[in-house]
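# Coordinate analysis (summary)
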Amino acid sequence: MSEEIQKLIGDQLSVWPLAAANFRALKTVSRKKVRVFSLPATVQFNPSRVASSPAAPDIPNQNCFLCEDGRPKEQFHLPFDGRKGRKYHIQVNPYPIFPNHLVIARGEHVPQSIWHNFVDMMDFAREYPEYLVYYNGPQAGASAPDHMHFQAVYRDELPLRKAIDAWLDKGECEPLTVQQDASLYLYDGFCRGIYALRADTPKSLAKLFYRLVDCAPLEPGQDEPLLNLYVYTYGTEFRCFVALRRALRSHHYADGVSSITCGAAEMAGYFVAPFENDFASA
């Protein structure tokens, strides 16, 4: 881990009791292994995540917990520069799912959107190669859909990332399409709608990614398809995978059967149960 991020986390946990307590609790949370379709997945029992459920999309700016003037007084950040003058704040996630769980929030209050911001995710992954960066669409699990942000965790935390890399590395999969040095694949080893992309350069990966997004269906009132996105470096390559979705939650929620959250972590095979009965029945 980079020294500056390691120092950020250490400094935050020394002065922020809430974050420190939740990071300590993460060391002793219950976990179990399950199989979802063909993917070896993990279920984590984490009660603190109840406080991190998606927020209402019309939160006034002054109450936004990702804005500098709306966050807890103990929270500070590292600056990160995106393209074309975009500024980000690297922050510790006070309700972590993973060790060293980060939130990277835009410095200004703008809506959650992958348009124009994808390249900034790639730049972060290149600068901090031990991290995988993921994005929840505004209607696909984002906890603050009114404020642009993505998150970062260690690359080895997500089961789907490991499975996709192993699949790509076999060299037996045929791309759906190729654009310059970028290739697009359909991965069918987990659930429908998982696409993998690889490229040598950010520019070609961004072009192919946006072609994929342009082909995905849009429902009335949506500015972008329901998606979760994951970006990381793999040797000299940039890689990413995309989960295209038809709904935020399955029928199990309407039936009152489950309250397991359903954002990017879950779509990558790491399920978080905020209540013990959900963990027991998973």
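Conventions adopted
- Residues numbered from 1 in each chain as written.
- Predicted model: local features only at pLDDT ≥ 70, side-chain atom pairs only at ≥ 80, totals over all residues.
- Heavy atoms only, no water.
- Axes fitted to C-alpha atoms, helices over the stretch in contact; angles between N-to-C directions.
- Helix = DSSP H or I, 4+ residues; strand = E, 2+ residues; numbered from the N terminus.
- Parallel < 35°, antiparallel > 145°, perpendicular 65-115°, else oblique.
- Left-handed = near helix turned anticlockwise from the far one by under 90°.
- Contact = heavy atoms within 4.5 Å.
- Pairing = 2+ DSSP bridges.
- Phe/Tyr/Trp six-rings, centres within 6.5 Å; stacked < 30°, edge-to-face > 60°.
- Buried < 20%, exposed > 50% of the residue type's maximum accessible area, 1.4 Å probe, protein only.
- Polar contact = N/O pair within 3.5 Å; in protein donor to acceptor, adjacent residues only side chain to side chain.
- Core = buried A, V, L, I, M, F, W, Y, C linked by side-chain atoms within 4.5 Å.
- pLDDT = per-residue confidence, 0-100.

A few words now on the packing of helix α3 (residues 118-127) against helix α5 (residues 202-215). Between α3 and α5, the least distance of the axes is 10 Å, while the angle of their chain directions is 140°. The angle between the axes of α3 and α5 places the two elements in the oblique class. As for the relative orientation of α3 and α5, their crossing is right-handed in sense. Mapping the contact onto sequence places Phe-118, Met-122 and Arg-126 in α3 and Pro-202, Leu-205, Ala-206, Phe-209 and Tyr-210 in α5.

This paragraph deals with the sheet that holds strand β3 (residues 78-81). If you walk across this open sheet you meet the 10 strands as β3-β4-β5-β7-β6-β11-β12-β10-β9-β8, and the pairing is antiparallel. Looking along the sheet, the strands with just one partner apiece sit at the ends: β3 and β8 (177-179). Going across the sheet, the axis of each strand differs from the next one's by a mean of 25°, ignoring polarity. Here strand β9 (residues 182-187) pairs with strand β10 (residues 194-199) via 5 bridges, running antiparallel. Looking at β10, one finds that Ser-183 is bridged to Arg-198. Across the sheet, α3 touches β3, β4 (87-92), β5 (102-106), β6 (131-136), β7 (149-154), β11 (227-234) and β12 (237-244), and the angle it forms with β11 is around 35°.

Our focus in this paragraph is the packing of aromatic side chains. In total, this model carries 19 aromatic pairs according to the counting rule given. Where Phe-80 meets Phe-124, the ring centres are 5.3 Å apart and the plane angle is 75°; that geometry is what we call edge-to-face. Of this pair, Phe-80 sits in strand β3 while Phe-124 sits in helix α3, and the two are 44 residues apart along the sequence. There is no split in this pair, since Phe-80 and Phe-124 are both buried. For the ring pair Trp-167 and Tyr-185, a centre distance of 6.1 Å and an interplane angle of 80° mean the geometry is edge-to-face.

A few words on the sheet that holds strand β2 (residues 39-45). The strands that make up a sheet pair up through hydrogen bonds in the backbone, lying either parallel or antiparallel. Strands sit in the order β1-β2-β13 across an open sheet of 3 strands; the sheet is mixed. Bordering the open sheet on either side are β1 (30-36) and β13 (270-273), each of which pairs with just one other strand. Direction aside, the axes of adjacent strands within the sheet are offset by 25° on average. Contacting β2 and β13, helix α4 (residues 159-169) crosses the sheet at an angle of about 165° to β2.

Right, let's get into the side chain of Asn-228. When you line up the elements, Asn-228 lands in strand β11. Its relative accessible area of 0% is what places Asn-228 among the buried residues. One polar contact links Asn-228 to Arg-245, side chain to side chain, over a distance of 2.9 Å. The contact partners of Asn-228, leaving out residues within four places of it in the chain, are Tyr-135, Asn-136, Gly-137, Ala-140, Phe-241, Val-242, Ala-243, Arg-245, Gly-263, Ala-264 and Met-267.

Turning our attention to the nonpolar core. Side chains that are nonpolar tend, in soluble globular proteins, to be buried together. Grouped together as the largest cluster of nonpolar side chains are 43 residues, with contacts concentrated most on Phe-118, Phe-124 and Leu-229. Sorting elements by how many residues they give to this core places α5 first, with 7 residues. Excluding its chain neighbours within four sequence positions, the residues that come into contact with Phe-118 are Leu-205, Ala-206, Phe-209, Tyr-210, Leu-229, Val-231 and Cys-240. Ala-41, Ile-97, Ala-268 and Tyr-270 belong to the second-largest nonpolar core, a separate cluster that totals 33 residues.

A separate point is the confidence of the model for the protein. Residues of the protein with pLDDT of at least 70 account for 90%, and the chain-wide mean is 90. The low-confidence segment residues 53-61 (pLDDT under 50) makes 15 contacts with residues lying over four places distant or belonging to another chain.

One non-glycine residue, Lys-84, lies in the positive phi region at around 55°. Mapped onto the fold, Lys-84 is located in the loop between β3 and β4. For His-116, which is not a glycine, the phi torsion comes out positive at approximately 75°. The topology assignment puts His-116 in the loop between β5 and α3.

Assignment of secondary structure puts Val-272 in strand β13. For the pair Val-272 and Gln-139, spaced 133 residues apart in the sequence, the C-alpha separation amounts to 18 Å.

Quick look at α4 now. Looking at α4, one finds that the buried residues are Pro-159, Leu-160, Arg-161, Ala-163, Ile-164, Asp-165 and Leu-168. Taken from the residues just after α4, Gly-171 is the one with a positive phi, measuring 75°.

Most of β5 sits inside the fold, with 5 of its 5 residues counted as buried. With burial as the criterion, each face of β5 is covered, one bearing Leu-102, Ile-104 and Arg-106 and the other bearing Val-103 and Ala-105. Sheet analysis places β4 next to β5, joined by 5 bridges and oriented antiparallel. Bridging across to β5, Ile-90 finds its partner in Ile-104. Where β5 meets β7, 4 bridges bridge the pair, whose relative direction is antiparallel. When the sheet's bridge partners are listed, Ile-104 is paired in β7 with Phe-150.

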